Amino acid sequence: MTANSLNVYGEPLVICGTSPMTGAFRDGCCRTDINDRGTHTVCAVVTNEFLQYSKGKGNDLTIDYPAYGFKGLVEGDKWCLCVSRWIEAYHANVAPPVILKATHIQTLAYISLAELEKYAH
């Protein structure tokens, strides 16, 4: 087992979501490596409040991007978020709930487990 496959508890990373297919590598997991420029490591259950916040920051996750095979997100979808956007939302009090067993261990380089656990889904 490699560190690339571990969650925030040091256990094997579980799938975040496959409908829609998520992850930097579009394999359903919030894995990361040097090619993942956004560090898509936080498995979140998106809320309307977060989606509107993200749209306001210039990343509208609610619209379709057919060229990328992306159908816009709706409330309740599970999605691998960039850790920096989740932390921004956290500071703005609009962070979505997190599925910790599907959140990559690399997330802990940016925010503590104790803080993430406050948002456990």
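Above this text sits the structure in question.
The model shown is predicted, which means the values in this text are computed figures rather than measured ones.

The rules behind each value
Numbers given for residues are sequential positions, taken from 1 along each chain in its written order. Restriction of local features to residues with pLDDT of at least 70 applies here, the model being predicted, together with a cutoff of 80 or more for giving and counting side-chain atom pairs; totals for whole chains, interfaces and linings are based on all residues. To get the side-chain values, all heavy atoms of the structure are used, and hydrogens and water are removed first. Cysteine sulfur atoms that pair up within 2.5 Å are treated as a disulfide. The way it works is that DSSP assigns letters per residue, a run of H or I at least four long becomes a helix, a run of E at least two long becomes a strand, and they are numbered from the N terminus. Relative accessibility thresholds used throughout: buried, under 20% of the residue-type maximum; exposed, over 50%; partly exposed, between the two (1.4 Å probe, protein chains only). The term salt bridge refers to a pairing of a side-chain nitrogen on Lys or Arg with a carboxyl oxygen on Asp or Glu at a separation within 4 Å. The set of buried Ala, Val, Leu, Ile, Met, Phe, Trp, Tyr and Cys residues whose side-chain atoms join them within 4.5 Å is what this entry labels a nonpolar core. What makes two residues a contact is simply this: any of their non-hydrogen atoms within 4.5 Å. The pairing test for Phe, Tyr and Trp rings, Trp by its six-membered ring, is centres within 6.5 Å, and the orientation test on the planes gives stacked under 30 degrees, edge-to-face over 60, and tilted for anything in between.

Caption draft 1: Representation of the state of the cysteines within the structure. In the structure shown here, the tally under the stated rule is 2 disulfides. Between the sulfur of Cys-16 and that of Cys-43 lies a disulfide, 2.1 Å long from S to S. Sign of the S-S torsion, about 85° for the bond between Cys-16 and Cys-43, identifies this disulfide as right-handed. With Cys-16 in the segment before strand S1 (40-45) and Cys-43 in strand S1, the pair connects residues that are 27 residues apart, well separated along the chain. Each member of the pair, Cys-16 as well as Cys-43, is classed as buried. The disulfide partner of Cys-30 is Cys-80, and the S-S distance across this bridge is 2.1 Å. Every disulfide takes its handedness from the sign of the S-S torsion; for Cys-30 and Cys-80 that torsion is -90°, giving left-handed. Residue Cys-30 is found in the segment before S1, and its partner Cys-80 is found in strand S2 (residues 78-82); the two are separated by 50 residues along the sequence. In this structure Cys-80 comes out as buried when scored by relative accessible area, which is 2%.

Caption draft 2: Looking closely at the pattern of salt bridges. Evaluated as defined, the whole model comprises 3 salt bridges. Between Arg-31 and Asp-27 there is a salt bridge, with its nearest N and O atoms 2.6 Å apart. Its relative accessible area of 26% is what places Arg-31 among the partly exposed residues. Ionic pairing is found between Glu-88 and Arg-85, a salt bridge with its closest N-O pair at 2.8 Å. Residue Glu-88 and its partner Arg-85 are both found in helix H2 (residues 83-91); the two are separated by 3 residues, about one turn of the helix. Overall, the relative accessible area of 18% leaves Arg-85 in the buried class.

Caption draft 3: The nonpolar core, seen in detail. If you look at the biggest cluster of nonpolar residues, it comprises 23 residues, and the most contacted ones within it are Phe-50, Leu-73, Leu-81 and Trp-86. Of all the secondary-structure elements, those providing two or more residues to this core are S1, helix H1 (48-56), S2 and H2. Counting residues per element, this core draws most heavily on H2, at 5 residues. What Phe-50 contacts, discounting residues up to four positions off in sequence, is Leu-61, Leu-81, Arg-85, Ala-89, Val-94 and Pro-96. If you look at the next biggest cluster of nonpolar residues, it comprises 5 residues, including Cys-16, Cys-30, Cys-43 and Ala-102.

Caption draft 4: Fine view of the packing of aromatic side chains. Under the counting rule described, the total for this entry stands at 5 aromatic pairs. Ring geometry for Trp-86 and Tyr-119: centres 5.3 Å apart, planes at 90°, overall edge-to-face. Remark: Tyr-119 occurs in the segment after helix H3 (113-117) and Trp-86 occurs in helix H2; sequence separation between them is 33 residues. What makes Tyr-119 partly exposed here is its relative accessible area of 21%. Ring geometry for Tyr-90 against Tyr-119: centres 5.7 Å apart, planes inclined by 70°, an arrangement best described as edge-to-face. Here Tyr-119 lies in the segment after H3 and Tyr-90 lies in helix H2, a separation of 29 residues in the sequence. Members of the aromatic cluster, joined through ring pairs, are Tyr-65, Phe-70 and Trp-79.

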